[in-house]
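Observations on the three-dimensional arrangement
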Amino acid sequence: MRIDVFSAHPGARTGSDPTRPFAPLGPADDLTVFDSPDARADPALLARLRDGTATADLAAPPVVLPDFCHKEKSEMPSSIAVATRDAIRPALTDAALNCGMALATLDIERPGPAAVTDFYRRVRERYPDPPGWHPELSRDDVLRAAVTGSGFAADRYGIDRHDLDRVEEFGVLPVDRYGGARRARRELPWLCVQLARLRFGSIGPSTHFLELQEVEEVFEPEIAARLGLHQGQVTLQFHNGGGVLTSQIGELYARRKAASTRLRAQMSVQKPLTHLLAGSPLRARRRYEAYFTAGCPSVAADSDEGRRLMLAQRLSMNYGFAYRLATYATLRAFAAQAFGDEAALRLVVDSPHNSVYEEQVDGAPAFVHRHNAARAWTPELMRGHPAFARTGQPLLVPGTNRTSSFLCVPAPQARRSLYTACHGTGSIISAFARDGRSGADPYGRHTLRYGYSDTAPQEIPQLDDLGVDAALDILTGNGLVKPVARLRPFAVLT
């Protein structure tokens, strides 16, 4: 096996030479690894990725990005991008498509503790954990959200054009090519739709969060101004899933390692009914091989089954866009109530980090599967876009609620990573703290951390930024992204 490894240049955080030569991509069984001496990719996980893509019809070597790690619930390691020709492999990304992050601005001074507490109380009451069982949508609402994505959210919540322009793909992937609304109504199981009615919008605990930040440092003033950011500004960043329907579809269209007991019980009945009553033994056998078999089985894109799978994945993506916009609309209202009417929330970017898109790779169509990794399209790929034509699509490189996070834009060499960047740096930050390379924040700053109970928030001491900077060094040193602003957390719900 040959592995192309691209390591960061020392001190490369502020950018790199876009003309720097790089090795051409090798044979299809290679990996393209972006790491550094301070943050090496785990060889065992590299072997797992290679094994999982060994039979894939690869359009390019699979890409490994910083924060490369493995979550036991997932079939494949995080922080990867894999492009295939003529075939879709659902298990190459997460079971729930369109888990993602968004960043919005609040043009106010940093609010006091009472206002912050009021804001998080409102969010916690609207989105409790565990969630309630009261239906929020009708069956037709679920179907419209899955078919029209952001259009449904805009109509229902009054979201304006400025905000929709900041959502990846404007928040909707057309489905007519794959059978449209009529086939969607026929293919989506009744029970899955009914369960999707119960919750629409959320934050949720664990790795999901809702963080208030300040713009601490601006590296690219012109780009920051185009995106609506300035130093000292308050921002709001949130990470949530794509909703109930996305996890239902993800479990239907692949054999997954982890699911709740309730979901497994449901799928033990629903999945055979959905796939194996197929009208012919041959079709049933092919569906069994694709959706009931461990590993990363593929489905030919130009087959009827491929179109059926693509419809399901686009419905999942659209529902996820609408779901996260519903959350944004709620946060917009609560910000005005807690911080004052002048606290107008404005979206900077909304981007999924679990996705399957049809894109051009080496001049030909391919299916790019991103698992816990964000798309990083350069200005050349965004020509004519009303918000991002001059900047490329912004992307978030978060740290943790104890470190800085970064807003970045794609750099000229982003094509080397299949136009992809890691969606976080948590595993590198943890490794730095664990082995003593990173310690307490030298300025003694704290984050006010709120939970989902009524207990008072905790003051959590922050760390230095050595871990998150090391991850960003890899991205910038290889010409993949350009940092625009450093964002410093001061309060979080997680």
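All figures in this text were calculated on a predicted structure; none of them were measured in a lab.

Below, the discussion takes up the nonpolar core. Core analysis: the biggest nonpolar cluster contains 80 residues, and F119, L210, L212 and Y319 have the highest contact counts within it. Looking at which element gives the most residues to this core, the answer is helix α12 (residues 304-339), with 19 residues. Residues within four places of L210 in sequence aside, it is in contact with F119, Y120, V123, I203, L236, Q237, F238, L331, A491, V492 and L493. Grouped together as the second largest cluster of nonpolar side chains are 32 residues, L395, V397, C422 and L472 included.

A few words now on the confidence of the model for the protein. In the predicted model, the protein carries a mean pLDDT of 93, and 94% of its residues have values of at least 70. Taken together, the stretch residues 8-29 has pLDDT below 50 and engages in 49 contacts with residues farther than four places along the chain or on a different chain.

The next subject is the packing of aromatic side chains. Within this structure, the stated rule accounts for ten aromatic pairs. Each ring, one from Y120 and one from Y450, has its centre 4.8 Å from the other, and the planes form 35°; the classification is tilted. Pair noted here: Y120 is in helix α2 (residues 113-126) and Y450 is in strand β17 (residues 446-450), with a separation of 330 residues, a long-range link. According to the relative accessible area criterion, Y120 is buried, its value standing at 0%.

Counting buried positions over the nine residues of helix α9 (residues 244-252) gives eight, a clear majority of the element. Of all the positions in α9, only V244, L245, T246, Q248, I249, G250, E251 and L252 are classed as buried. Taken together, the buried residues of α9 touch α3 (139-148), α7 (190-196), α10 (261-275), α11 (281-291) and α12.

Attention now moves to a nonpolar patch on the surface. Taken together, the side chains of V269, L273 and L277 present a nonpolar region at the surface, about 320 Å² in accessible area. Looking at the secondary structure, you find L277 in the loop between α10 and α11.

It is worth spelling out the side chain of S417 at this point. Relative to the helices and strands, S417 resides in the loop between β15 (405-410) and β16 (420-422). Given the relative accessible area of 0%, S417 is considered buried. In terms of polar contacts, S417 uses its side chain to reach the backbone carbonyl oxygen of T420, at 2.7 Å. Sequence-distant contacts of S417, that is, excluding residues within four places in its chain, are made with F34, V63, L65, A81 and L480.

Turning next to the environment of D118. Looking at the element boundaries, D118 is found in helix α2. In the structure, D118 is positioned 40 residues away from S78 in sequence and 35 Å away in space, judged by C-alpha atoms. Residue contacts for D118: discarding those within four places in its chain leaves Q337 and A338.

What follows concerns the packing of α9 against α12. As a packed pair, α9 and α12 sit with axes 8 Å apart at the nearest point and diverge in direction by 160°. Judged by the angle between their axes, α9 and α12 are roughly antiparallel. Of the two elements, α9 crosses α12, and the hand of that crossing is left-handed. Every residue of α12 that contacts α9 at V244, L245, T246 and I249 is listed here: A312, L315, S316, Y319, G320 and Y323. Class assignment of the residues belonging to the contact of α9 with α12 gives a composition of seven nonpolar, three polar and no charged.

For E380, the location among the structural elements is in the loop between β13 (373-375) and β14 (395-397). Residue classification places E380 among the partly exposed positions, given a relative accessible area of 47%. Residues E380 and T391, eleven residues apart in the sequence, show an inter-C-alpha distance of 9.4 Å. A polar side-chain atom of E380 sits 3.0 Å from a polar atom in the side chain of T378.

A few words now on α2. Given a rise of 1.5 Å per residue, 14 residues ought to cover 20 Å, and the 20 Å separating the end C-alpha atoms of α2 matches this to within 8%. Elements in contact with the buried residues of α2: β7 (209-218), β8 (234-240), α12, β17 and β19 (481-493).

Once that is clear, we can look at the pattern of salt bridges. The tally for this structure, following the rule as stated, stands at 35 salt bridges. A salt bridge links D441 to R445; the nearest nitrogen and oxygen atoms lie 2.9 Å apart.

Among the secondary structure elements, P457 is positioned in the loop between β17 and β18 (458-461). On the basis of relative accessible area, P457 is assigned to the partly exposed category, the value being 30%. C-alpha separation for the pair P457 and T447, spaced ten residues apart in sequence, amounts to 9.6 Å. If we skip the residues at most four places from it in the chain, P457 touches L448, R449 and Y450.

A few words on the state of the cysteines. Under the defined criterion, the tally for this structure stands at zero disulfides. Free cysteine C99: the closest other cysteine sulfur is in C69, separated by 13 Å. When its relative accessible area of 10% is taken as the criterion, C99 is described as buried.

Note that the residue after D129, namely P130, is joined by a cis bond; omega there is 5°. Checked against the element boundaries, P130 lands in the loop between α2 and α3. In the Ramachandran plot, D86 falls in the positive-phi region, its phi being about 65° despite a non-glycine side chain. Relative to the assigned elements, D86 resides in the loop between β4 (80-84) and β5 (87-88).

So, on to the pairing of strand β6 (residues 100-106). With seven of seven residues buried, β6 is to be regarded as a mostly interior element. Neither face of β6 is open: one carries G100, A102, A104 and L106, the other M101, L103 and T105, and all of them are buried. Pairing geometry for β6 and β8, over seven bridges, is antiparallel. When the bridges of β8 are listed, A104 appears paired with L236. Across seven bridges, β6 lies against strand β10 (residues 345-352) in antiparallel orientation. In the sheet register, T105 faces β10, and the bridge partner there is R346.

The rules we used
Residues numbered from 1 in each chain as written. Predicted model: local features only at pLDDT ≥ 70, side-chain atom pairs only at ≥ 80, totals over all residues. Heavy atoms only, no water. Core = buried A, V, L, I, M, F, W, Y, C linked by side-chain atoms within 4.5 Å. Buried < 20%, exposed > 50% of the residue type's maximum accessible area, 1.4 Å probe, protein only. Helix = DSSP H or I, 4+ residues; strand = E, 2+ residues; numbered from the N terminus. Contact = heavy atoms within 4.5 Å. pLDDT = per-residue confidence, 0-100. Phe/Tyr/Trp six-rings, centres within 6.5 Å; stacked < 30°, edge-to-face > 60°. Patch = residues over 30% accessible without salt bridge, like charges linked within 9 Å, V, L, I, M, F, W, Y side chains within 5 Å. Areas by Shrake-Rupley, 256 points an atom, 1.4 Å probe, with all protein chains shown as cover. Salt bridge = Lys/Arg side-chain N within 4 Å of Asp/Glu carboxyl O. Polar contact = N/O pair within 3.5 Å; in protein donor to acceptor, adjacent residues only side chain to side chain. Axes fitted to C-alpha atoms, helices over the stretch in contact; angles between N-to-C directions. Parallel < 35°, antiparallel > 145°, perpendicular 65-115°, else oblique. Left-handed = near helix turned anticlockwise from the far one by under 90°. Nonpolar A, V, L, I, M, F, W, Y, C, P; charged D, E, K, R; others polar. Expected span 1.5 Å × (residues − 1). Disulfide = S-S within 2.5 Å. Pairing = 2+ DSSP bridges.

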